[in-house]
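# Commentary on secondary and tertiary structure
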Amino acid sequence: MAGVQDAVVFDHAAVQMGGRTIWSDVSLRVAQGEFLAVLGPNGVGKSTLVKAALGLVGLAAGSVTVLGLPAGQAGRQIGYLPQRRNFDAGLRVRGTDIVALGSDGERWGLPLPFGAAFLPSRRAAALRVREVIELVGATAFAGRPIGQVSGGEQQRLLIAQALVKRPRLLVLDEPLDSLDLPSQASVAALISRICREHQVTVMLVAHDVNPILPYLDRVAYVARGGAVCGTPDEVIRSEILTELYHTPVEVLRASDGRLVVVGEPEAPARHTDRHGETAAVPAQQW
Amino acid sequence: MTTGPLASGLTWSLGSDFRQLLQYPFMVNALRAGTIVAVLAGALGWYMVLRRQSFAGHTLAIVSFPGAAAAILLGISATSGYFAAAIIAAIVIAAVPRSLGGRARSSESAVIGTVQAFALACGALFVSLYGGFLDGLTNLLFGSFLGISPSQVLTLLAVAVVALAVLAVIGRPLFFATVDPDVAAARGVPVRALGTVFLILLGCAAAEVSQITGALLVFALLVMPAATAQQLTARPALSLALTIVAGLLIVWLGLAVAYFSVYPVGFYITTFGFAAYLLAAGSRALTGRLHRNQLQTTPA
């Protein structure tokens, strides 16, 4: 049974899409305030795993409990950052406005002009938006059109957007993808700081473990239709990954502490939008 | 043909010129219609530019031309033809499957382009079936402000009020779905349904604008004010307000000048819109350069 202290619990969960099993018999447990990375090669269903936690993908077997509720019912307590490409460079909307959508973007109607001047709730909302922008260190560029700031800066603003409603669980799908190395390091540090200082549980999908390795409490390594979970030291080991892939895999540790996984079978290269709904690659093609 | 100076022409006194303008009921009707259309087109055009759906907007206007021509041919009012054709086309465009995400855009524009060409050809056929009334063709394509009846103004007003009311209700989620569809969908915004409703509203706006500027020059009021405002500011509320103000100024100036001139009103409205856009883009380029120079001269 899920304890109160567990933020996310997968219990022998399986997902099928188009009659094909993406992964099955996945069990994992993330305690509240922990930082979990969902790792694995492209196309094995990492995004599907977080979508199952969000209730966006139905289960074929087993159960998923999020914040003590069945998946999909924790709603506003989850901040979600889907995998994305960058904003169009010509989009003339300020970063602040994008962040503010996290607070009331789905509400019907239009905000009253100058509402912040005489409505306390609007003033509080505007204050909260400024606060999260400060928290992610985006104050300097939040007033610029979002299409004109760098990828790392856009990612910070989007994290701020996901944080506006004070979620207890933050689900981030490849937030470090397409960032340069220094941005990867600083955004990873930011996510870890939010996780520690604000007791927000983080579920982060990543392709490369190294930028986030120092901050992780737990990893879920997805491959070959299944997943292994545990602490990084327990999971990212030659014998565990060899067993998971059914092919010899070696984990090497470089002198700077970076992990290198050798012999990891990659899914066949796909040059189209590989994370679209239909883009999961059959595991047996390896 | 559009009219020349009907009465005494320009007097170089703005006050008396303006009074002269308002003496004629047809001119008052034109100004009323222009005002209604400018507000509706500004609001919908602002979203259209943000959503990169200009091509769809243009097609909706083009489609309204055979609609109006067919209505005239059948002996019913051109106004209903404009609206019926544009709204049907909006529903058709919305039904083009977009389930493949970003990749569907190219196939969507191919479908829209195909529909647009066929619609234009049908319009030409209807006009020639009617008896090659060439003057009517020019007005349908390039606009006319003569002969706008009070009942037509009322129709324009009623459609605009309903469309703006719907837009006011869906405004914020539509904005969310426009700038960030994935996150909006994850937060429970009905992205696809909003897109359909938006296209129908856009069809209404395109049909209204067509009746003033003609089917080919709708962008004068749908794109130009919004593009101008978005050059000037990145604040959503401010740029929406600026869009509507720009649209009103462009229409009023265009109608006033067209009254004293022999050339079509569509030309003047478009010219003022173009001038506004050039000014806005120029000033933005200039301030951008000044800003960069400042950054370069002050060491970090």
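Just so we're clear, the structure is a prediction, and the values are computed from it rather than from any experiment. (Residues numbered from 1 in each chain as written. Chains lettered and ligands numbered in written order. Predicted model: local features only at pLDDT ≥ 70, side-chain atom pairs only at ≥ 80, totals over all residues.)

## With respect to the overall build of chain A
Just so we agree on the cut-off: Helix numbering and strand numbering both begin at the N terminus, where a helix is a DSSP run of H or I of at least 4 residues and a strand a DSSP run of E of at least 2. Here the globule rule is a power law, 2.2 Å times the number of residues to the power 0.38, and the radius of gyration is based on C-alpha atoms. Placing C-beta atoms from the backbone, we regard two residues as in contact once those atoms come within 7 Å.
A tally of helices and strands in chain A yields eight helices and twelve strands. What you see for chain A is a C-alpha radius of gyration of 19 Å, in line with the 19 Å of a compact globule of 286 residues. If one aligns the C-alpha atoms of chain A with their principal axes, the spans along those axes are about 65 × 40 × 35 Å. Considering only residue pairs separated by 6 or more positions, chain A has 66% of its internal contacts joining residues 24 or more positions apart.

## Topic: the sheet that holds strand β7 (residues 169-173) of chain A
Residue and element names in this part refer to chain A. Note the cut-off: Two strands form a pair only when DSSP identifies at least two bridges running between them. Only the stretch in contact is used when a helix axis is fitted, and all axes are lines through C-alpha atoms; the angle between N-to-C directions ranges over 0 to 180 degrees.
What the six strands build is an open sheet, ordered β6-β7-β8-β3-β9-β10; its pairing is mixed. The two strands at the open ends of the sheet, each matched to only one other strand, are β6 (78-81) and β10 (226-230). Direction aside, the axes of adjacent strands within the sheet are offset by 15 degrees on average. Against the sheet, helix α6 (residues 181-197) touches β3 (35-39), β7 and β8 (201-205), its axis set at about 155 degrees to β8.

## Quick notes on unusual backbone geometry
Residues and elements named next belong to chain A. We note that H12 has phi near 45 degrees; this positive angle belongs to a residue other than glycine. By secondary structure assignment, the location of H12 is in strand β1 (residues 6-17). Unlike most non-glycine residues, R166 shows phi in positive territory, near 50 degrees. Mapped onto the fold, R166 is located in the loop between α5 (151-163) and β7.

## Side note on the pairing of strand β2 (residues 20-31) of chain A
Residues and elements named next belong to chain A. Across eight bridges, β1 lies against β2 in antiparallel orientation. Counted as the bridge partner of V8 is V30 from β2. Between β1 and β2, which pair antiparallel one after the other, the connecting turn spans two residues, and G18 there sits at a positive phi close to 55 degrees.

## Things to note about the confidence of the model for chain A
Heads up, the condition is: For every residue, the predictor states its confidence as a pLDDT score lying anywhere from 0 to 100.
Across chain A, the average pLDDT comes to 84, with 91% of residues at or above 70. This stretch, residues 268-286 of chain A, has a pLDDT under 50; its non-local contacts, to residues over four places away or in other chains, come to 28 contacts.

## Regarding the sheet that holds strand β5 (residues 69-70) of chain A
Residues and elements named next belong to chain A. A sheet is described by the order of its strands in space; here four strands give the open sequence β2-β1-β4-β5, paired in antiparallel fashion. Unpaired on one side and paired on the other, β2 and β5 mark the two borders of the sheet. Looking at chain direction, β1 and strand β4 (residues 61-66) are connected through five bridges and run antiparallel. Bridge pairing in β4 links A14 to A61. On top of the sheet, helix α1 (residues 46-54) reaches β1, β2 and β4; it is set at about 115 degrees to β1, its chief contact.

## Brief notes about the environment of C122 of chain B
Residue and element names in this part refer to chain B. Rules: With C-beta atoms placed from the backbone, a residue counts as buried when 20 or more other C-beta atoms lie within 10 Å of its own, as exposed when 12 or fewer do, and as partly exposed for counts between those limits.
Note on placement: C122 falls in helix α5 (residues 104-130). Overall, C122 belongs to the partly exposed group, with 17 C-beta atoms counted inside 10 Å. Residues C122 and V111, eleven residues apart in the sequence, show an inter-C-alpha distance of 17 Å.

## Comments concerning the interface of chain A and chain B
Stated formally: Each residue receives one of three labels: charged for Asp, Glu, Lys and Arg, nonpolar for Ala, Val, Leu, Ile, Met, Phe, Trp, Tyr, Cys and Pro, and polar for the others, Gly being one of them.
The interface of chain A with chain B comprises 22 residues on the first partner and 24 residues on the second. If you tally residues by element for the side of chain A that touches chain B, the top one is helix α2 (residues 95-104) of chain A, at four residues. Tallied by class, residues from the side of chain A that touches chain B come to eleven nonpolar, three polar and eight charged.

## Describing helix α11 (residues 224-232) of chain B
With nine of nine residues buried, α11 of chain B is to be regarded as a mostly interior element. Listing the buried residues of α11 of chain B in full gives M224, P225, A226, A227, T228, A229, Q230, Q231 and L232 of chain B.

## With respect to the packing of helix α2 (residues 25-50) of chain B against α11 of chain B
All names here are of chain B. This is how the line gets drawn: The handedness criterion is simple: a crossing whose near helix is rotated anticlockwise from the far helix by less than a right angle is left-handed, and one whose near helix is rotated clockwise is right-handed.
Running from N to C, α2 and α11 point in directions that differ by 65 degrees, and their axes come no closer than 8 Å. For the pair α2 and α11, the crossing hand works out as right-handed. Counting all contacts with α2, which are made through G42, G45, W46 and V49, the residues of α11 involved are P225, A226, A227 and Q230. Split by residue class, the contact of α2 with α11 holds five nonpolar, three polar and no charged.

## Description of the confidence of the model for chain B
All names here are of chain B. The predicted model of chain B averages 85 in pLDDT, with 89% of residues at 70 or higher. In the model of chain B, helix α6 (residues 134-142) stands out as the element of lowest mean pLDDT, 74, in contrast to helix α7 (residues 150-179), which has the highest, 95. Ignoring residues within four places in sequence, the model shows residues 1-8, a span with pLDDT below 50, making 13 contacts including any to other chains. Taken over the whole predicted complex, pTM reads 0.85, whereas the ipTM for its chain interfaces reads 0.82.

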